[in-house]
Structures are given as structure tokens and as C-alpha cells.
Amino acid sequence: TLDLHNQLERELAAFVGKGACVTFSTGFQSNLGIISALCGRNDYILNDRENHASIYDGCKLSYANVQRYRHNDMADLEKRLSELPVDAGKLIVTDGVFSMSGDIARLPDIVELAKKYNARVMVDDAHGFGVLGECGRGTASSFGLTDEVDVIMGTFSKSLASLGGYMISS
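Basis of the calculations
Residues numbered from 1 in each chain as written. Predicted model: local features only at pLDDT ≥ 70, side-chain atom pairs only at ≥ 80, totals over all residues. Heavy atoms only, no water. Helix = DSSP H or I, 4+ residues; strand = E, 2+ residues; numbered from the N terminus. Rg over C-alpha atoms; globule rule 2.2 N^0.38 Å. Buried < 20%, exposed > 50% of the residue type's maximum accessible area, 1.4 Å probe, protein only. Contact = heavy atoms within 4.5 Å. Areas by Shrake-Rupley, 256 points an atom, 1.4 Å probe, with all protein chains shown as cover. Lys, Arg positive; Asp, Glu negative; His and termini not counted. Charge placed at Lys NZ, Arg CZ, Asp CG, Glu CD. Salt bridge = Lys/Arg side-chain N within 4 Å of Asp/Glu carboxyl O. Arc of directions from axis to C-beta. Polar contact = N/O pair within 3.5 Å; in protein donor to acceptor, adjacent residues only side chain to side chain. Axes fitted to C-alpha atoms, helices over the stretch in contact; angles between N-to-C directions. Left-handed = near helix turned anticlockwise from the far one by under 90°. Nonpolar A, V, L, I, M, F, W, Y, C, P; charged D, E, K, R; others polar.

## Concerning the overall build of the protein
What the protein contains, in helices and strands, is six helices and seven strands. Counting from the amino terminus, helix and strand elements in the protein follow one another as α-β-α-β-α-β-α-β-α-β-α-β-β. For 170 residues, the compact-globule estimate of 2.2 N^0.38 gives 15 Å, and the C-alpha radius of gyration of the protein, at 15 Å, lies within 12% of that figure. Along the first, second and third principal axes, the C-alpha set of the protein runs to 45 × 30 × 30 Å. Expressed as a percentage of the 170 residues in the protein, the buried residues total 51%. For the protein, contacts bridging at least 24 residues in sequence account for 62% of all contacts bridging at least 6. As displayed, the protein has an accessible area near 8,300 Å², and 51% of this comes from carbon and sulfur atoms. In the protein, 16 positive and 22 negative side-chain charges are present, and the distance between their average locations comes to 5 Å.

## Looking at the pattern of salt bridges
Any two side chains of opposite charge can pair, given that their charged atoms come close. Tallied over the entire structure, the rule returns 10 salt bridges. Here the salt bridges share partners, and the residues they tie into one network are R70, D73, D76 and R80.

## Brief notes about helix α5 (residues 107-116)
Every buried residue of α5 is listed here: L107, I110, V111, L113 and A114. Down the axis of α5, the buried set is contained in an arc of 165 degrees. They therefore lie on one face. Of the exposed residues in α5, the ones pointing more than 90 degrees away from its buried face are E112, K115 and K116. Considering only its buried residues, α5 is in contact with β3 (65-69), α4 (74-82), β4 (90-95), β5 (120-124) and α6 (139-142).

## Some points on α4
Along α4, the residues classified as buried are M74, D76, L77, R80 and L81. Seen along its axis, α4 keeps its buried residues to an arc of 160 degrees; they face one direction. Elements in contact with the buried residues of α4: β2 (44-48), β3, β4 and α5. You can read the cap of α4 off the contacts: a side-chain oxygen lies 3.1 Å from the backbone nitrogen of A75, and it is on D73.

## Describing the packing of helix α2 (residues 27-38) against helix α3 (residues 53-62)
Relative to each other, α2 and α3 sit at 35 degrees, their axes nearing to 8 Å. Crossing hand, α2 versus α3: right-handed. Note on element contacts: α3 touches α2 through S54, I55, D57, G58, C59, L61 and S62, opposite F28, N31, L32, I35 and S36. Taken together, the residues of the contact of α2 with α3 break down into six nonpolar, five polar and one charged.

In C-alpha cells:
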């Protein structure tokens, strides 16, 4: 079964267009594990106010300084980024497709701001994978930004009608 598990991770990473994948037992646990592993006490997480609750729980476990910006408001995101220390670790986290409203993240603008302020980008694509992008590859794919997004999280319980979650990165 380990070979099958490893094969799933390799094939999922290749399908999305990234180098590596790690799977989790649930989508919720994916966000907890990813965010708490990537960020710590001296880091900053910039969170869209309408992100899923599992993202907020992952932020709490990371002990990072969490800055919430107004939903899909790039002026507010840029204001918050501009106020952070230049050399601090910064992670912008956004849902690809927001579960409550169905809004799509302004990913091209987010990526541009991340480059400008030396931040990383994580997309929770639980509601975008299987729906958006070439062959359902997700939100980053739909904008042609797969290479520009650092971490893509998703779940098997939506489009794939199964259990589990994943993190894909370069």
C-alpha cells in the first residue's frame, strides 16, 4: 500500500504541475499541518477574512502573527504587507474559490503583491480543484500561475468524492 500511496502523490503533483505532494487524512488536517509547519512565531500570515475555518485553525497552531485583510481587497492586502518588516517571513493564504460566496481569489494581484513584498503564496483549492483550470487543475491553473504559487492545498472530498487532503509544492 505504501507504493500505491507514493504513486498517488507523484501522479497528483504531476497532474497539477508541481514537483512534490504530501497527502493527509482530511482536507482540514491538510491546512493545520501545512500552515503550522511553514510558519512560526516570527512570521506573518496574511489571511483573507473569508478564508475557510481550517486555515484560521492552522494559523493559530503556527503561533505566527496573523493579519486579516478585507475580502479580495488588494489595497488592504498591500497596506498590510507594506507595514511588515522587509526581512520577515510572510505567507499570503487565500481560498481559490471561497466556499461561502463562490468568489474567486484575485490570484494575479496576490502573486504580484507577493513578489513586490517578498512573500509566499498558498492557495486552498478545495473548491477550485476539479472545477477550474485546464482539465480541472485548479485556480492557479485557471490564471496560468501554477509556477508562481508556492503551495497548493486541496481535498479529495469535493471533486474526487473520496477522503483526504493534499499539499502540492515545487
